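Overview (structure and organization)
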Amino acid sequence: KAVVVKTIEDGDDDKRFSHCLVAGIARGPRKVTRGMSKKKVEKRSRTMKPFVKYINVRHVFPTRYVVDMDLKKAVDEADLASAERKVDVKKGLKKIFEDKYLNQKAVTSEKKAAGSNYFFQKLRF
């Protein structure tokens, strides 16, 4: 699952179709139960693996969920050009996703809470 960071409607020199920059999780956090200690919960949440990529708009499947994450500051298009800076962007995203996952109860809006809960669950189909 991913969050759309930026959309490019008419395409550009590299990609001549409308596409969008998305950031998401390739591998979600492991299952957590109520009886687990706080230390174990934090360890299991570190298994998240983020990704950043361009996707054709026709391949995106929008959902009704809203996730309250501002990723525009964390993901910059210029950083995706080189491999070293892309690794740094992914590390920053991992930190943002982990903080959001561990602090899900702090979300005030019910709609945004449902969105973040959906974002961190495994996609089943």
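Source: prediction; values computed, not measured.

About the thresholds
The written sequence of each chain sets the order in which its residues are numbered from 1. Residues qualify for local features only when their pLDDT is at least 70, as the model is predicted, and side-chain atom pairs are given and counted only at 80 or more; totals for whole chains, interfaces and linings, by contrast, use all residues. Side-chain numbers come from the whole structure's heavy atoms, not from hydrogens or water. A helix here means a DSSP run of H or I that spans at least four residues, while a strand means a run of E at least two residues long, and both kinds are numbered starting from the N terminus. Classification of residues uses two cut-offs on accessible area relative to the type maximum, computed with a 1.4 Å probe and protein chains only: under 20% is buried, over 50% is exposed, and between them is partly exposed. We call two residues in contact whenever any of their non-hydrogen atoms come within 4.5 Å of each other. Areas reported here follow the Shrake-Rupley algorithm with a probe of radius 1.4 Å; residue values treat only the protein chains shown as occluding. Residues scored as charged are limited to Lys and Arg (positive) and Asp and Glu (negative), so that His and the chain ends carry no count. Each charge is placed at NZ for Lys, CZ for Arg, CG for Asp and CD for Glu. One bridge is not enough; two strands pair if DSSP finds at least two bridges between them. Where helices are involved, their axes are fitted lines through C-alpha atoms of the stretch in contact, as for all axes, and angles between N-to-C directions lie from 0 to 180°. Regarding the arc, it is the one traced by the directions from the helix axis to the C-beta atoms. Here a polar contact is taken to be a pair of N or O atoms separated by no more than 3.5 Å, where protein atoms must pair a possible hydrogen donor with a possible acceptor and residues adjacent in sequence count only if both atoms sit in side chains.

Regarding its fold elements, the protein chain presents three helices and three strands. The secondary structure elements of the protein chain, listed N-terminal to C-terminal, are β-β-α-β-α-α. Within the protein chain, the proportion of its 125 residues that are buried is 27%. A separation threshold of at least 6 residues defines the contact pool for the protein chain, and within that pool the share at least 24 residues apart is 63%. Split by element, the accessible area of the protein chain, about 9300 Å² in all, is 49% carbon and sulfur. Looking at charge distribution, the protein chain has the averaged site of its 32 positive side-chain charges lying 13 Å from that of its 16 negative ones.

Another point: the sheet that holds strand β1 (residues 2-8). The strand order across the open sheet built from three strands is β1-β2-β3, with neighbouring strands paired in antiparallel fashion. Among the strands making up the open sheet, the edge pair consists of β1 and β3 (49-56). Within the sheet, the average angular offset between the axes of one strand and its neighbour, ignoring direction, is 20°. Bridge count for β1 against strand β2 (residues 19-27) is six bridges, and the pairing is antiparallel. Pairing of V3 across the sheet is with A23, part of β2.

Buried residues of helix α1 (residues 38-45): V41, R44 and S45, and no others. Buried residues of α1 fall within an arc of 100° about the axis and therefore sit on the same side. Of the exposed residues in α1, those oriented more than 90 degrees away from the buried face are K39 and K43. Buried residues in α1 make contact with α2 (83-102).

Another point: the side chain of N56. Summarising the element assignment, N56 is placed in strand β3. One polar contact links the side chain of N56 to the main-chain amide nitrogen of R58, over a distance of 3.1 Å. Apart from residues no more than four positions distant in its own chain, N56 is found in contact with F17, S18 and H19.

So, on to helix α3 (residues 110-119). Among all positions in α3, only G115, S116 and F119 are buried. End-on view of α3: buried residues confined to an arc of 95°, all on one side of the axis. The elements touched by buried residues of α3 are β1, β2 and α2. Structurally, the start of α3 carries an N-cap: the backbone nitrogen of K111 is 3.4 Å from a side-chain oxygen of S109.

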